[in-house]
Amino acid sequence: MMNETFCLALIQQSYTGSRETMIESTRKAIASSAAGTDLVLLQELHTTEYFCQSENEAFFDYALYFEDNVRRFSAIAKENAVVLVGSFFERRAAGLYHNTAVVFEKDGSVAGMYRKMHIPDDPGFYEKYYFAPGDLGFEPIATSVGKLGVLVCWDQWYPEAARLMALKGAEILLYPTAIGWFRGDSEDEKTRQLESWVAIQRAHAVANGIPVAACNRVGFEADGSGVLDGIDFWGNSFVFGAQGEPLGRLGTQSGILRAQISRSRSESVRRAWPFLRDRRIDAYNGLMQRFL
């Protein structure tokens, strides 16, 4: 029988310069946070730099480490007896690659995978060059801590993705993330971007009556192509409860955020705010269209 509460830890990191040092840094952070923790969420593409700032064929080689990454983080999950959500570059076949989240059970087994569905293509975020859209759908992953609605970064702007996860029984939404500012942005623009990012995801918690957590990268990463200066990843990893209540938020430094998640909270919130009950599913056909 599952406990009434479980402890979630988000590990917010800066890039350390190589895949091996990133894996070691992450391993140490997971070990240091493991006592009393049930579920650990890592940031997007956490074993490397955020290479999508430029279109560079050489970066496809990172996807060749997918099976090794799964093997190594499976061992880390088992060693620390935590459910672990990792984010990796996956080579599925020649010329076919995905941005893939893998969920590891406490015994190191793979509980499930999610391939990123919404793929951006913007200056500094040239993900369409690297990733095909996911084809696993929006399916919660069953684990010993409950059903996890795992989505990835750009997915977080889409209420449809969050809603489908919730309708299929997800008990919490988890977003590995890589997002930040360009140094040329004004301070006002930086504030607007950050607070919009927080607001849209907090709204997913409120609209669906389930907790939401996003784990973001932090620190400056230069653009290797020289076209842009680079990205200041803004960190600010957070957890919100089922009514949108803040359960914790980090700043712009590396760190670990821990939060206690109540299983009964969603039931209580949904009884008081029955948004799912009052949905007009007979009137939403237009949502299946690109434009009306």
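Look up: the structure comes first, before these words.
As a starting point, this report considers the structure included with it. (Residues numbered from 1 in each chain as written. Predicted model: local features only at pLDDT ≥ 70, side-chain atom pairs only at ≥ 80, totals over all residues. Heavy atoms only, no water.)

**Things to note about the side chain of Glu49**
Alright, step 1. Here Glu49 is to be found in the loop between β2 (39-42) and α2 (66-80).
Alright, step 2. For the buried Glu49, no salt bridge is present, and the opposite-charge side chain at shortest range is Arg217, 6.5 Å distant.
Alright, step 3. Polar contacts involving the side chain of Glu49 include one to the side chain of Tyr62, which spans 2.9 Å.
Alright, step 4. Residues contacting Glu49, with those up to four places away along its chain left out, are Tyr15, Phe59, Tyr62, Arg217 and Glu221. (Helix = DSSP H or I, 4+ residues; strand = E, 2+ residues; numbered from the N terminus. Buried < 20%, exposed > 50% of the residue type's maximum accessible area, 1.4 Å probe, protein only. Lys, Arg positive; Asp, Glu negative; His and termini not counted. Salt bridge = Lys/Arg side-chain N within 4 Å of Asp/Glu carboxyl O. Polar contact = N/O pair within 3.5 Å; in protein donor to acceptor, adjacent residues only side chain to side chain. Contact = heavy atoms within 4.5 Å.)

**Things to note about the environment of Ala35**
Alright, step 1. Along the chain, Ala35 turns up in the loop between α1 (19-33) and β2.
Alright, step 2. Taking the C-alpha atoms as reference points, Ala35 and Val82, 47 residues apart in sequence, are found 9.3 Å from one another.

**Structural notes on the sheet that holds strand β10 (residues 172-177)**
Hydrogen bonds between backbone groups are what pair the strands of a sheet, and the pairing can be parallel or antiparallel.
Alright, step 1. Strand order in this open sheet of 6 strands is β8-β9-β10-β12-β15-β16, and the pairing throughout is mixed. Looking at which strands have only one partner, the edges of the open sheet turn out to be β8 (141-143) and β16 (246-249). Within this sheet the neighbouring strands show an average axis-to-axis angle of 20 degrees, counted without direction.
Alright, step 2. Sheet topology places strand β12 (residues 212-216) next to strand β15 (residues 238-240); 3 bridges connect them, and they run antiparallel. What sits directly across from Ala214, in β15, is Phe238. (Pairing = 2+ DSSP bridges. Axes fitted to C-alpha atoms, helices over the stretch in contact; angles between N-to-C directions.)

**Here we look at the pattern of salt bridges**
Alright, step 1. Per the stated rule, a full pass over the model turns up 23 salt bridges.
Alright, step 2. Linking Glu187 and Lys190 is a salt bridge whose minimum nitrogen-to-oxygen distance equals 3.5 Å. Highlighted residues: Glu187 and Lys190, both in helix α4 (residues 187-208), separated by 3 residues, approximately one helical turn.
Alright, step 3. What makes Glu187 exposed here is its relative accessible area of 56%.

**Quick word on the environment of Arg217**
Alright, step 1. Its location among the elements puts Arg217 in the loop between β12 and β13 (218-222).
Alright, step 2. For Arg217, a relative accessible area of 1% translates into the label buried.
Alright, step 3. In sequence terms Arg217 and Glu44 are 173 residues apart; their C-alpha atoms lie 7.3 Å from each other.
Alright, step 4. Among the polar contacts listed, one links the side chain of Arg217 to the backbone oxygen of Leu45, at a separation of 3.0 Å.
Alright, step 5. Here the side chain of Arg217 touches Glu221 through a polar contact of 2.9 Å, side chain to side chain.

So far we have only geometry, and geometry alone does not tell us how the molecule works.
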